[in-house]
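Structure at a glance
One-letter residues, chain by chain:
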Amino acid sequence: MHAVRLHDARDLRLDTVDLSSAPQAGEIRLRVAFAGICGSDIHNFKTGRWLSRKPSTAGHEFSGIVEAIGPGVTGFETREKVVADSRDYCGQCAKCRMGKHHVCENLGFVGESRDGGFAEFVDLPVRLVFKCEPSAPLDVMALAEPLAVALHALAKIRLDDGPVFIIGCGSIGALSAMASMLTSDRKIFLCDQNLARVNYVADLCGARVASVADIQSLSKKPDTPVAHVLDTTGNVAVIQSVLKTLTHGTLGFVGIGSGSIDFDPVQAVERELSIVGCHAFADEFPQAIDLLQKYSPRFQPLIAHRIKLDEVPMEFEKIINGQATGVKTLIEIDASYGVGTPNESG
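These numbers were taken from a predicted model, which means no experiment stands behind them. (Residues numbered from 1 in each chain as written. Predicted model: local features only at pLDDT ≥ 70, side-chain atom pairs only at ≥ 80, totals over all residues. Heavy atoms only, no water.)

Time to look at the packing of aromatic side chains. Both the distance between ring centres and the angle between the ring planes are used here to describe each pair of aromatic rings. Summed over all chains, the structure comprises 5 aromatic pairs. Residues Phe118 and Phe316 carry aromatic rings whose centres are separated by 6.4 Å and whose planes lie at 90 degrees to one another, so their mutual orientation is edge-to-face. Of this pair, Phe118 sits in the loop between β8 (108–109) and β9 (121–125) while Phe316 sits in helix α12 (residues 312–320), placing them 198 residues apart in sequence. For the pair Phe118 and Phe316, a shared accessibility class is recorded, and that class is buried. (Phe/Tyr/Trp six-rings, centres within 6.5 Å; stacked < 30°, edge-to-face > 60°. Helix = DSSP H or I, 4+ residues; strand = E, 2+ residues; numbered from the N terminus. Buried < 20%, exposed > 50% of the residue type's maximum accessible area, 1.4 Å probe, protein only.)

Shown next as structure tokens:
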């Protein structure tokens, strides 16, 4: 079969690899329909930070159908539509026994610690496979994993009825805005360096476009102050700016970046700042699936364009060079099992 594999930092190749005759006990073989390119995929490609095995088939956001079922697996049938959980957790450590699989002491991710979804087929433990409704569009369902990340981030910053300020309109930022719009009546402020993208997402989500510089004044509004900020960029300069201006509020980090910040903890005391890290997702995956199935036409416009497996290495370079357009790029691997109406605006 064909698979896109990361051999080393900046070394991503389309390979032909052997496929075993059947999945192992406790595993399900998926025929991959669609896979999404994530910011963490790009980060790993650039830095090799999470390369625990070489080569490794990339990709942790994907949908497909059940192709084959390994011994001991029950509750699934071939040709059922499914999506994949990205968290390759051990199930045995103290955190896993507490149900906190996203902070497993031995946590890896599909596409890094085990082969991922940038391939025609992938074998996964049954615990990482979730069913979709038969009518679910599999292109939209490939957004389940990043939507779960967005839902977890929104939950971690403990939103009330007040507004939320989201920095960055990549996949996680856009999905955070969409999820907030679909599950609440709160005001949403968005900012992004890409003005076309932020205006596009704002129109989809009924949000207001702002800048990081606006946070200081917005956090001091007497009627509806901004007290919850979610950074999805990982940009340390942006984070440092927010830390200097936000008053009596919560700043959540969900973006993957690099570098460090100079921060005086006394400022957090005097301005009552809460700083929250948001890692992967806890139990939000079923909620993400439900939202995508219920509101698939609302999520469809976030899919910018679709590429084939052989175009993936070049697409990574385009993204790094700032040449990608829209919000989410999907790899179309096998679209024969149902898609939504393609978005032409990206």
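A word on α12. Every α-helix winds through 3.6 residues per turn, so residues three or four apart in the chain are directed the same way. Of all the positions in α12, only Val312, Glu315 and Phe316 are classed as buried. Buried residues of α12, viewed axially, fall in a sector of 105 degrees; they line one side. The secondary structure elements touched by the buried residues of α12 are β1 (2–8), β2 (11–16), α1 (39–47), β17 (303–307) and β18 (328–332). One or two residues past the end of α12 sits Gly322, with phi positive at roughly 75 degrees. (Arc of directions from axis to C-beta. Contact = heavy atoms within 4.5 Å.)

For the rest of this paragraph, the subject is the packing of α1 against α12. A pair of packed helices is characterised by two quantities: the angle between their axes and the separation of those axes. Following both chains from N to C, one finds α1 and α12 inclined at 95 degrees, their axes separated by 11 Å at the closest point. Considered as vectors, α1 and α12 are oriented roughly perpendicular to each other. Contacts from Asp41, Ile42, Phe45 and Lys46 in α1 reach Phe316, Glu317, Ile319 and Ile320 in α12. Along the lines of polarity and charge, the residues of the contact of α1 with α12 split into 5 nonpolar, no polar and 3 charged. (Axes fitted to C-alpha atoms, helices over the stretch in contact; angles between N-to-C directions. Parallel < 35°, antiparallel > 145°, perpendicular 65-115°, else oblique. Nonpolar A, V, L, I, M, F, W, Y, C, P; charged D, E, K, R; others polar.)

The next thing to look at is the pairing of strand β14 (residues 228–231). Along a regular strand, successive side chains alternate from one face of the sheet to the other. Residues His228 and Leu230 point to one face of β14 and Val229 and Asp231 to the other, with burial holding for every one of them. Note: strand β11 (residues 164–167) against β14, 3 bridges, orientation parallel. Bridged to Ile166 within β14 is Leu230. Both β14 and strand β15 (residues 250–253) contribute to a ladder of 4 bridges, which runs parallel. (Pairing = 2+ DSSP bridges.)

Considering all chains together, one arrives at 17 salt bridges under this definition. The salt bridge involving Asp334 is made with Arg31; its shortest N-O contact spans 3.7 Å. Taken together, the residues span a long stretch of sequence, with Asp334 in the segment after β18 and Arg31 in strand β3 (residues 27–36) at a distance of 303 residues. Using a relative accessible area of 17% as the deciding quantity, one classes Asp334 as buried. With relative accessibility at 24%, the residue Arg31 sits in the partly exposed group. Salt-bridge contacts for Arg197 lead to Asp192; the nearest nitrogen and oxygen are separated by 3.3 Å. Where salt bridges share partners, they join Glu27, Asp88, Arg114 and Arg127 into one cluster. (Salt bridge = Lys/Arg side-chain N within 4 Å of Asp/Glu carboxyl O.)

Strands sit in the order β2-β1-β4 across an open sheet of 3 strands; the sheet is antiparallel. Lying at the two open borders of the sheet, with one neighbouring strand each, are β2 and β4 (56–57). Pairing of β1 with β2 involves 6 bridges; the strand directions are antiparallel. Bridge pairing in β2 places Ala3 opposite Asp15.

Note that all results are geometric; they support no functional claim without further evidence.
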